[in-house]
Amino acid sequence: MKRIGKETNIQALRKISNLFQMTSWEVDELLAMVMNAAKDIVGVKNGSLLLVQDEKTYKLQFYQASGKNMGQLKDIDLPPGVGISGHVAKTGESIVSNDVAKDPRWYQGVSEKMRIPIQSMASFPLNIDKKVIGVVQFLDKVDGTVFNEKNVEILEHFANLMAKFFQVSKSRKLLGEEFGRLKEQYLHRYTIVGESKAIQKCITMAEKVADSKASVLLTGESGTGKELFAHLIHDRSQRQNNPFISVSCGALPASILERELFGHEKGAFTGAETQKIGLFEAANTGTLFLDEIGEMPLDMQVKLLRVVQEESFIRLGGTETIKVDVRLITATNRDLDKEVQEGNFRQDLFYRINVIKMTLPPLREKLEDISDLLTFFIKKHSPENQPVKKPGKGLTSHLMSYAWPGNIREMENSVERAIVLTDGDELLPEAFPFETSQAPIELNVGSTLKQASDLFRRTFISNTLKSTSGNRTKAAQVLDVQRSYLSRLIKELEIK
Ligand SMILES: Nc1ncnc2c1ncn2[C@@H]1O[C@H](COP(=O)(O)OP(=O)(O)O)[C@@H](O)[C@H]1O
Ligand SMILES: [Mg+2]
């Protein structure tokens, strides 16, 4: 390594460390400062930075220059591969030329256009990951002397520094974008949309109970947002930075569910080659969300009750009692009261998990939220770098006229699908063809209460009759009305 003169070295270091201490790292500012530092320290007259525009031909374009000529320089169309900087870009080797007029590689075009006579030039490649991304060139010295070895070494340092700035700014930009994406996703993931009284009541309740450790039972039809609310409760609690573990009790056979929840010691059963901690342990200090609790087999219910009561358990095949601090949230779309009455769900466990009960309304009971949900889901499911489509005329009322048996999940899926299938920038009602078996309910504002309730009764009675294969006596039993009354309704409502 060559030595740099002591004075200059210290000066250069001071300048560079000042640059690194800057808090705002705008790459253009930094490049300008490096250029100025080169002027101060080495006494260069002008400097400029060119970036490779085309990786195949190494065509360069001016990106930054000291002095006031940047506007003009940017307009200059440099033929690829020519000139001293063209060579540097192509070969990746620096060139110092102290009499450019005699250098066969010299390209006079720029100097002539700019009317700046040039004597000497030091030109360096900007390397990132062994690839030349640009060239930095320094032109002439203020004192009229040529570039000496010391000067060249310092300028080369500056060129390397500039390349690093580009690299850092590139990764910072990527990181920034990645962070933005994650934030967007995160925000979308747990945002609860809806101004209706029904949903606002649930949000208030969730916030109120978040900080207590009381068990919460979330009920409601499938797709009404039970899991979303479980997240909300966790995120608003003091446990927010601790684990949130979710497990669906319906998806796993009892024996596997037991292992999953409580973990096991090595050799606890055939195939248990290592010790494994269970979800209760994993959720320690956080929240355990047991989804579809109504599907849990009775013998598992006994085991769960014990853990909930004692806040401790033993791993399968183990002897040690493990204490845990877990907040339990459960969810079901079943009517657990009824399941208890029918003996499918243990009453003692029901009392334990049902300390706070929240029932999420079906979408058809909060149709006023459809418009906000539509806007939200369009944004959530719009591909990046594509304009967000707008709801077309009549779309909201079209969506409000449907019963949404699959609730918000169904609506979200249908919006996602409509976005994929729509070419234009407007989502039209046609992009939401509802299954004909799911008879739409004419719930548009503007119908009278009688019209709406007649329509509902017609649909409902007709579906019930279908389910009894047209047997009126059976249908009357299901509907819990007199057979004669049913016959009258069938006539009145013109049910075929
Ligand atoms: N109020 C809401 N606002 C925004 N998205 C919602 C809302 N309710 C439900 N979702 C979305 O609908 C989908 C189904 O919700 P989920 O919580 O899984 O329902 P459930 O557990 O009741 O079946 C999820 O993608 C969820 O984010
Ligand atoms: Mg669910």
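Everything in this summary refers to the structure shown in the same document. Just so we're clear, the structure is a prediction, and the values are computed from it rather than from any experiment.

Analysis parameters
Residues numbered from 1 in each chain as written. Chains lettered and ligands numbered in written order. Predicted model: local features only at pLDDT ≥ 70, side-chain atom pairs only at ≥ 80, totals over all residues. Heavy atoms only, no water. Helix = DSSP H or I, 4+ residues; strand = E, 2+ residues; numbered from the N terminus. Buried < 20%, exposed > 50% of the residue type's maximum accessible area, 1.4 Å probe, protein only. Contact = heavy atoms within 4.5 Å. Areas by Shrake-Rupley, 256 points an atom, 1.4 Å probe, with all protein chains shown as cover. Near = heavy atom within 4 Å. Polar contact = N/O pair within 3.5 Å; in protein donor to acceptor, adjacent residues only side chain to side chain. Nonpolar A, V, L, I, M, F, W, Y, C, P; charged D, E, K, R; others polar. Domains from an automatic or database assignment. Expected span 1.5 Å × (residues − 1). Arc of directions from axis to C-beta. Pairing = 2+ DSSP bridges. Axes fitted to C-alpha atoms, helices over the stretch in contact; angles between N-to-C directions. Core = buried A, V, L, I, M, F, W, Y, C linked by side-chain atoms within 4.5 Å. Salt bridge = Lys/Arg side-chain N within 4 Å of Asp/Glu carboxyl O.

### Quick word on the overall build of the protein chain
For step 1, the next point in the chain: Looking only at helices and strands, the protein chain features 19 helices and 16 strands.
For step 2, the next point in the chain: When each of the 496 residues of the protein chain is scored for burial, the buried share is 44%.
For step 3, the next point in the chain: If you take every contact in the protein chain between residues at least 6 apart in sequence, the share linking residues at least 24 apart comes to 67%.
For step 4, the next point in the chain: When the accessible surface of the protein chain is summed, it comes to about 27,800 Å², and 51% of that surface belongs to carbon and sulfur atoms.

### Here we look at the site of ligand 1
For step 1, the next point in the chain: The environment of ligand 1 is formed by 17 residues, the closest being Val-193, Gly-223, Lys-226, Arg-409 and Glu-412.
For step 2, the next point in the chain: One of the side-chain nitrogen or oxygen atoms of Arg-409 is found 2.9 Å away from an oxygen atom of ligand 1.
For step 3, the next point in the chain: Here an oxygen atom of ligand 1 sits 2.8 Å away from a polar atom, N or O, in the side chain of Glu-412.
For step 4, the next point in the chain: In the complex, 89% of the free accessible area of ligand 1, which totals 560 Å², lies under the protein chains.
For step 5, the next point in the chain: Elements with a contribution of two residues or more to the shell around ligand 1: α8 (226–235), α14 (370–381) and α16 (407–421).
For step 6, the next point in the chain: For the shell around ligand 1, the residue count by class is seven nonpolar, five polar and five charged.
For step 7, the next point in the chain: Looking at which domains feed residues into the shell around ligand 1, each of domain 2 (208–360) and domain 3 (364–431) supplies at least three.

### Things to note about helix α11 (residues 298–310)
For step 1, the next point in the chain: For α11, spanning 13 residues, the distance from its first C-alpha to its last is 19 Å, which sits close to the expected 18 Å at 1.5 Å a residue.
For step 2, the next point in the chain: For α11, the set of buried residues is Met-300, Gln-301, Leu-304, Leu-305, Val-307 and Val-308. Each buried residue of α11 sits inside an arc of 165° when the element is viewed along its axis, so together they form one side.
For step 3, the next point in the chain: Structurally, α11 contributes buried residues whose contacts are with α9 (254–262), α10 (279–282), β10 (287–291), β11 (312–314), β13 (327–332) and α13 (347–353).
For step 4, the next point in the chain: Downstream of α11 by a residue or two, Glu-311 has a phi angle that is positive, lying close to 55°.

### Points about the sheet that holds β13
For step 1, the next point in the chain: In space, the five strands of this open sheet follow the order β7-β10-β13-β6-β14, with parallel pairing throughout. Each end of this open sheet is capped by a strand with a single partner; those strands are β7 (244–248) and β14 (356–359). Mean inter-strand twist for the sheet, computed between neighbouring axes without regard to direction, equals 20°.
For step 2, the next point in the chain: Along the sheet, helix α7 (residues 197–210) contacts β6 (216–219), β13 and β14; its crossing angle with β14, the most-contacted strand, is approximately 155°.

### Some details on the nonpolar core
For step 1, the next point in the chain: In terms of nonpolar packing, the biggest core is built from 31 residues, with Leu-261, Phe-280, Leu-288, Leu-290 and Ile-293 touching the most fellow members.
For step 2, the next point in the chain: If you list the elements that add at least two residues to this core, you get β7, α9, α10, β10, α11, α12 (336–341) and α13.
For step 3, the next point in the chain: Among the elements that make up this core, the one with the highest residue count is α11 (five residues).
For step 4, the next point in the chain: When residues no more than four places from it in sequence are discounted, the contact partners of Leu-290 are Val-247, Cys-249, Leu-261, Leu-304, Leu-328, Ile-329, Thr-330 and Ala-331.
For step 5, the next point in the chain: If you look at the next biggest cluster of nonpolar residues, it comprises 29 residues, including Val-27, Ile-41, Val-136 and Ala-159.

### Observations concerning the environment of Phe-158
For step 1, the next point in the chain: With respect to the element layout, Phe-158 can be found in helix α6 (residues 149–189).
For step 2, the next point in the chain: In the structure, Phe-158 is positioned 124 residues away from Val-34 in sequence and 6.6 Å away in space, judged by C-alpha atoms.

### Focus: the pattern of salt bridges
For step 1, the next point in the chain: Inspection of the entire model under this criterion finds 19 salt bridges.
For step 2, the next point in the chain: For Glu-412, the salt bridge is made with Lys-380, and the minimal N-O distance between the two is 2.9 Å. Placement of Glu-412 in helix α16 and of Lys-380 in helix α14 is noted, with a sequence separation of 32 residues between them.
For step 3, the next point in the chain: Beyond isolated ion pairs, a larger network of salt bridges with shared partners links Lys-213, Arg-239, Glu-311 and Asp-325.

### A closer look at the sheet that holds strand β1 (residues 44–54)
For step 1, the next point in the chain: Spatially, β2-β1-β5-β4-β3 is the arrangement adopted by the five strands of the open sheet, whose pairing is antiparallel. Each edge of the open sheet is held by one strand with a lone partner, namely β2 (59–65) and β3 (95–97). Neighbouring strand axes in the sheet, compared pairwise and without regard to direction, differ in orientation by 25° on average.
For step 2, the next point in the chain: In this structure, β1 lies alongside strand β5 (residues 131–141), joined through seven bridges in antiparallel fashion. Its bridge partner lying in β5, Val-44 is registered against Lys-141.
For step 3, the next point in the chain: Across the sheet, helix α2 (residues 27–42) lies against β1, β2 and β5, angled at about 145° from β1, the strand it touches most.
For step 4, the next point in the chain: Contacting β2, β3, β4 (121–128) and β5, helix α4 (residues 83–91) crosses the sheet at an angle of about 30° to β4.

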